[in-house]
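# Structural features, examined
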Amino acid sequence: MKFICERESIIKEISISHEIISERNTLSILSNVLLENTDNTLSIRATDLKVSFVSRIPVETVTPGSTTVLCDKLLGVLRSLPEGEISFDVQEDRMVISPVRQKKINFRLRCIDARDYPEFKSPGKESFTIAQKTFVEMIDQTIFAVSDDETRYYMNGVYMEPSEQGMTMVSTDGRRLSYISRNVERGVPVFQPIIIPTKFLNLIRKLSSKEGEISLGISDSYLFAEFDAHHLSSTLIEGQFPNYRRVIPDEHEFSCVMSTKDINEALKRVSLLIDHHSKKLFMDINADSIVFSSEESEIGNAKEEISCSYTGEPVRMYMNFSYLMSPVRVMESEQVSINFTDPAKAVTVRPVPEIDYFHVIMPMQS
Amino acid sequence: MNPVIFHVDMDAFFSSVEQLDNPSLAGKPVIVGGRVEERGVVSACSYEARAFGVHSAMPMFQAKKLCPMGIFVPGRMKRYQEVSREVMAIFREFAPSVQPISIDEAFLDMTGTGRIYGTPQEAALVLKQRVEGEIGLKMSVGIGTSKYIAKLASDFRKPDGLWEVPPGGETDFIDQFTVRSLWGIGDKTAERLRLLGLTEPKQVRSLSRESLMRTIGRSLGSFLHDVCRGIDPGIFALRESSQSISCEETFSRDISDPWEVSCRLLSLAHQVIFRSLDEQVLGRTVFVKYKLTDFRSFTAQTSRETPFMSAEEIHSQARELLRSRWNGDPPLRLVGVGISSLSPAGEQVQGELFEDPYGKKRAVEEAVHRLKRRGSSLAKATSLLERYDKRRK
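Residues numbered from 1 in each chain as written. Chains lettered and ligands numbered in written order. Predicted model: local features only at pLDDT ≥ 70, side-chain atom pairs only at ≥ 80, totals over all residues. Heavy atoms only, no water.

Below, the discussion takes up the overall build of chain B. The helix and strand tally for chain B stands at 17 helices and 12 strands. A buried classification covers 47% of the 393 residues belonging to chain B. Accessible surface computed for chain B: about 19300 Å², of which carbon and sulfur atoms make up 51%. (Helix = DSSP H or I, 4+ residues; strand = E, 2+ residues; numbered from the N terminus. Buried < 20%, exposed > 50% of the residue type's maximum accessible area, 1.4 Å probe, protein only. Areas by Shrake-Rupley, 256 points an atom, 1.4 Å probe, with all protein chains shown as cover.)

As structure tokens, then:
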């Protein structure tokens with residue numbers, strides 16, 4: 001097989017493939033990327049057996065065919081070459097790569113036959129489409145709260161279920177929880193709730209143009225996503241997601257409202273001096289101000305006061321700073337509210353005015 | 001009130017336990033250690049064997065050469081741990097505060113016990129008699145106003161020793177040592193100090209802390225300055241908190257059944273959690289170590305943000321680490337489990353949204369641990385093991 005294409009158009013897809021392919025795998029062919037070239041289209045496939053990726057780019061097909069090459073080296077070669085057209089020519093078991101205009105440069109990478117490459121799952125019949133922008137926003141609001149604790153594998157992904165007017169996504173690590181339920185105009189068919197691995201969601205977030213639609217399909221413990229020129233699939237996490245509704249507080253007695261920009265900047269500064277082991281942030285909420293501070297340590301401490309509106313008694317709360325920082329960082333509203341009843345019980349952080357997402361955080365005890 | 005610290009060191013602990021369990025070995029040169037053909041080293045030897053020049057960490061073949069009539073026995077770590085627990089239980093009953101620092105050594109804070117036990121020497125004598133009477137082992141006790149002095153004192157008249165350094169007598173006591181023989185000074189350091197003309201504590205005392213720190217480095221300078229004045233440099237306060245806690249087991253026969261290995265891992269995880277409860281720490285990293293039949297040895301570890309709370313949690317993580325690396329072939333001769341990235345247990349104050357699945361298990365383990373400390377022979381939260389055994393059938 002032989003094809004010619006622009007360095008710029010292939011390098012992005014190969015670098016995504018490189019991210020999917022896991023470094024540690026036992027089958028050498030899984031370190032390879034599959035290239036299929038017909039009718040002036042190159043389809044690029046990569047998999048770690050859990051997440052699979054297919055992308056198509058336009059090329060000039062000289063002779064059709066398919067092969068696989070070591071992805072890591074292919075990426076390295078492409079990065080090293082000058083901009084412009086590159087020719088890829090398979091001769092026996094070697095792929096000869098050289099710039100069209102500089103024949104002096106010549107790489108020969110060993111190929112493995114494409115027939116040995118694992119088969120790809122094909123999407124089921126059931127699928128639905130939503131705006132890419134909507135899906136990416138839902139990922140943004142939830143992905144950071146996923147647990148990295150392998151012993152709680154059922155929390156290692158984002159939970160997704162259909163709702164009355166759309167769908168809901170929830171994530172938790174057992175200490176904080178993020179929730180978003182978005183209406184989908186055309187509606188979403190009823191499906192069994194699923195738990196989606198973060199690797200897959202991160203990939204979608206990275207690849208998405210946030211324009212147009214994404215089509216999602218679920219079948220046999222696989223999730224398929226198609227958007228732009230990409231086709232992705234992923235195994236789902238099996239297991240029982242915890243009953244999250246039980247831990248969402250019904251209502252709170254007190255609410256403290258502040259500017260999103262103020263709290264973001266204050267947390268960014270105060271976090272510099274928070275002990276990265278205990279992660280403990282102090283919050284002193286008063287009638288018209290909230291003071292964020294770090295614990296006094298050998299290095300020193302930090303304190304910042306921002307204005308807020310609050311009507312209860314002065315109260316002190318302790319919190320893992322990252323549990324507060326990560327949700328407020330992704331809030332787009334001008335103001336946010338921290339809602340609570342008891343400084344030792346679950347706190348809810350919401351955008352003001354309220355929309356379709358919120359974050360629940362369990363504080364630390366003194 | 002002056003602090004009264006005991007440092008208690010069991011005499012030739014492993015070999016004494018062997019002599020205790022087998023009276024025919026009494027008075028004979030007993031050498032505990034690995035097998036010659038397995039390139040073993042001496043892990044302990046009786047005073048009778050020491051007379052031949054045998055010492056711990058010496059290769060076994062060399063010990064055999066020096067002491068051909070020696071009685072060579074393989075170590076029985078479980079038995080030593082059992083005896084150690086009995087001894088520590090007596091200490092805990094006797095002293096208000098006990099800090100074990102190894103299997104056969106502990107610091108006892110006896111400050112303020114004068115009305116109960118009389119003078120420190122009288123108290124030490126009672127303790128020595130109790131341990132000898134109830135367990136049958138001899139030990140050496142050092143008494144001082146600090147851990148460092150007590151540690152030096154227990155070594156001063158070994159075996160079966162009892163030495164008290166009275167308050168105010170610390171410098172005089174230190175002056176009976178050379179710099180080389182002070183605890184915490186190794187061969188290389190001693191050589192460096194010798195070149196600077198510092199061999200006696202008195203010579204060190206003539207220098208200020210600042211000039212010592214300038215010439216031999218900050219930490220060593222400060223350490224030496226304190227030690228030569230009989231001031232505790234706080235070295236055992238630091239030692240109190242381990243960097244990691246681990247347990248390992250060499251199987252009597254190699255094991256290839258992953259299930260059996262998993263059961264051993266659970267038992268080791270229990271030992272780890274009990275020790276972590278002793279030290280009041282929690283770990284955020286779990287590691288496993290395994291050795292194949294061919295002696296190749298591997299380790300793997302995983303860390304997370306929140307500490308591992310219970311033996312079962314440590315076990316499931318350790319099993320996972322091993323499962324992804326070993327599938328039964330070749331067989332294993334050793335496995336070990338441990339925790340690191342330790343932090344004080346009290347710091348765990350992050351609230352949980354859901355009922356913590358491991359919280360109850362930890363409560364059970366804490367209860368078993370309390371019973372063990374009171375001398376119960378409960379080895380582990382056995383209900384867990386039963387469940388595993390049942391599933392296996």
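With that settled, consider the overall build of chain A. Counting its regular elements, chain A contains six helices and 25 strands. Put simply, chain A has 366 residues, and 55% of those count as buried. Within chain A, counting contacts between residues at least 6 apart in sequence, those at least 24 apart form 65% of the total. As presented, chain A carries roughly 17700 Å² of accessible surface, and 46% of it is formed by carbon and sulfur atoms. (Contact = heavy atoms within 4.5 Å.)

Residues and elements named next belong to chain A. Mapped onto the fold, Val 90 is located in strand S7 (residues 85-91). Taking the C-alpha atoms as reference points, Val 90 and Thr 67, separated by 23 residues in sequence, lie 8.1 Å from one another. Those residues in contact with Val 90 that lie beyond four places of it in its chain are Met 1, Thr 67, Met 95 and Cys 111.

What follows is about the sheet that holds strand S4 (residues 71-73) of chain B. Residue and element names in this part refer to chain B. Read from one edge of the open sheet, three strands run S3-S2-S4, paired in mixed fashion. Each edge of the open sheet carries a strand with a single partner, namely strand S3 (42-45) and S4. Here the average twist between neighbouring strands, direction ignored, is 25°. The strands touched by helix H1 (residues 13-21) within the sheet are strand S2 (30-33), S3 and S4, with S2 carrying the most contacts at an inclination of about 115°. (Pairing = 2+ DSSP bridges. Axes fitted to C-alpha atoms, helices over the stretch in contact; angles between N-to-C directions.)

All names here are of chain A. Examined against the element boundaries, Ser 294 turns out to sit in strand S20 (residues 289-294). The exposure class of Ser 294 is buried, given its relative accessible area of 5%. The contact partners of Ser 294, leaving out residues within four places of it in the chain, are Val 270, Leu 273, Ile 274, Phe 282, Asn 301 and Ala 302.

You can see A:Ser322 is positioned in helix H6 (residues 321-329). Accessibility expressed as a relative area gives 19% for A:Ser322, which makes it buried.

For the rest of this paragraph, the subject is the interface of chain B and chain A. Tallying the contact residues gives 20 residues for chain B and 26 residues for chain A. Both sides of the chain B and chain A interface together cover about 2000 Å² of buried area, and 52% of this is carbon and sulfur. Considering only the surface of chain B that becomes buried against chain A, B:Gln350, B:Leu353 and B:Phe354 emerge as the three largest contributors, covering 37% of it. The interface formed by chain B and chain A holds three salt bridges in total. (Buried area = accessible area lost by both parts, 1.4 Å probe. Salt bridge = Lys/Arg side-chain N within 4 Å of Asp/Glu carboxyl O.)

Here the focus is the packing of aromatic side chains. Residue and element names in this part refer to chain B. One pass over the full model with this rule turns up 23 aromatic pairs over all chains. Here the aromatic rings of Phe 156 and Phe 173 are separated by 5.1 Å at their centres, their planes lie at 75°, and the arrangement is edge-to-face. In this pair, Phe 156 sits in helix H7 (residues 147-156) while Phe 173 sits in helix H8 (residues 170-174), placing the two residues 17 residues apart along the sequence. On the basis of relative accessible area, Phe 173 is assigned to the buried category, the value being 3%. (Phe/Tyr/Trp six-rings, centres within 6.5 Å; stacked < 30°, edge-to-face > 60°.)

What follows is about helix H4 (residues 198-207) of chain A. What H4(A) keeps buried is the set A:Phe200, A:Leu201, A:Leu203, A:Ile204 and A:Leu207. Taken end-on, H4(A) shows its buried residues confined to a sector of 160°, consistent with a single buried face. (Arc of directions from axis to C-beta.)

As a further point, take the pattern of salt bridges. Where charged atoms from two side chains of opposite charge approach closely, those side chains can pair. A complete count under the given rule lists 44 salt bridges over all chains for this structure. A:Glu137 is the partner of A:Arg182 in a salt bridge, and the nearest nitrogen-oxygen pair spans 2.4 Å. In this pair, A:Arg182 sits in strand S13 (residues 176-183) while A:Glu137 sits in helix H3 (residues 132-142), placing the two residues 45 residues apart along the sequence. Linking A:Arg175 and B:Glu352 is a salt bridge whose minimum nitrogen-to-oxygen distance equals 3.0 Å. One end of the pair, A:Arg175, is in the loop between strand S12 (166-172) and S13; the other, B:Glu352, is in the loop between strand S12 (332-344) and helix H16 (359-373), on a second chain. Via salt bridges that share partners, A:Asp149, A:Arg152, A:Arg175, B:Arg304, B:Glu313 and B:Glu352 belong to a single interconnected network.

What follows deals with the environment of A:Ser43. Residue and element names in this part refer to chain A. Note on placement: Ser 43 falls in strand S3 (residues 41-47). Under the relative-accessibility criterion, Ser 43 is labelled buried at 6%. When residues no more than four places from it in sequence are discounted, the contact partners of Ser 43 are Leu 34, Leu 35, Glu 36, Ser 55 and Arg 56.

What follows covers a nonpolar patch on the surface. Taken together, B:Phe52, B:Leu66 and B:Met69 make up a surface patch of nonpolar side chains, about 270 Å² in accessible area. Structurally, B:Met69 is set in the loop between helix H3 (60-66) and S4. (Patch = residues over 30% accessible without salt bridge, like charges linked within 9 Å, V, L, I, M, F, W, Y side chains within 5 Å.)

This part is about the confidence of the model for chain B. Residue and element names in this part refer to chain B. Confidence in the prediction for chain B averages 85 pLDDT; 91% of positions are at 70 or higher. Across chain B, the secondary-structure element scoring lowest on mean pLDDT is helix H17 (residues 382-392), at 47, and the one scoring highest is strand S7 (residues 139-144), at 95. Here the predicted complex carries an ipTM of 0.74, next to a pTM of 0.62. (pLDDT = per-residue confidence, 0-100.)

To continue, consider H7(B). When you tally the buried positions in H7(B), you get eight out of 10 residues, the bulk of the element. Of all the residues in H7(B), the buried ones are B:Tyr148, B:Ile149, B:Ala150, B:Lys151, B:Leu152, B:Ala153, B:Ser154 and B:Phe156.

This part covers the sheet that holds strand S14 (residues 194-197) of chain A. All names here are of chain A. Pairing is antiparallel in the open sheet, where 12 strands are placed in the order S14-S11-S12-S13-S25-S24-S23-S18-S21-S20-S19-S22. Every other strand in the sheet has two partners, leaving S14 and strand S22 (315-320) as the edge strands with one partner each. In this sheet, adjacent strand axes meet at a mean angle of 25° when their direction is disregarded. Looking at chain direction, S12 and S13 are connected through seven bridges and run antiparallel. The partner of Val 170 across the bridge, within S13, is Tyr 179. Taken strand by strand, H6 contacts S13, strand S19 (280-285), S20, S22, strand S23 (335-340), strand S24 (347-352) and strand S25 (357-361), and its axis lies near 85° from that of S22.

Residue and element names in this part refer to chain A. Neither face of S14 is open: one carries Ile 194 and Ile 196, the other Ile 195 and Pro 197, and all of them are buried. Examined bridge by bridge, strand S11 (residues 157-162) and S14 share four bridges and lie antiparallel to one another. In the sheet register, Tyr 159 faces S14, and the bridge partner there is Ile 195.

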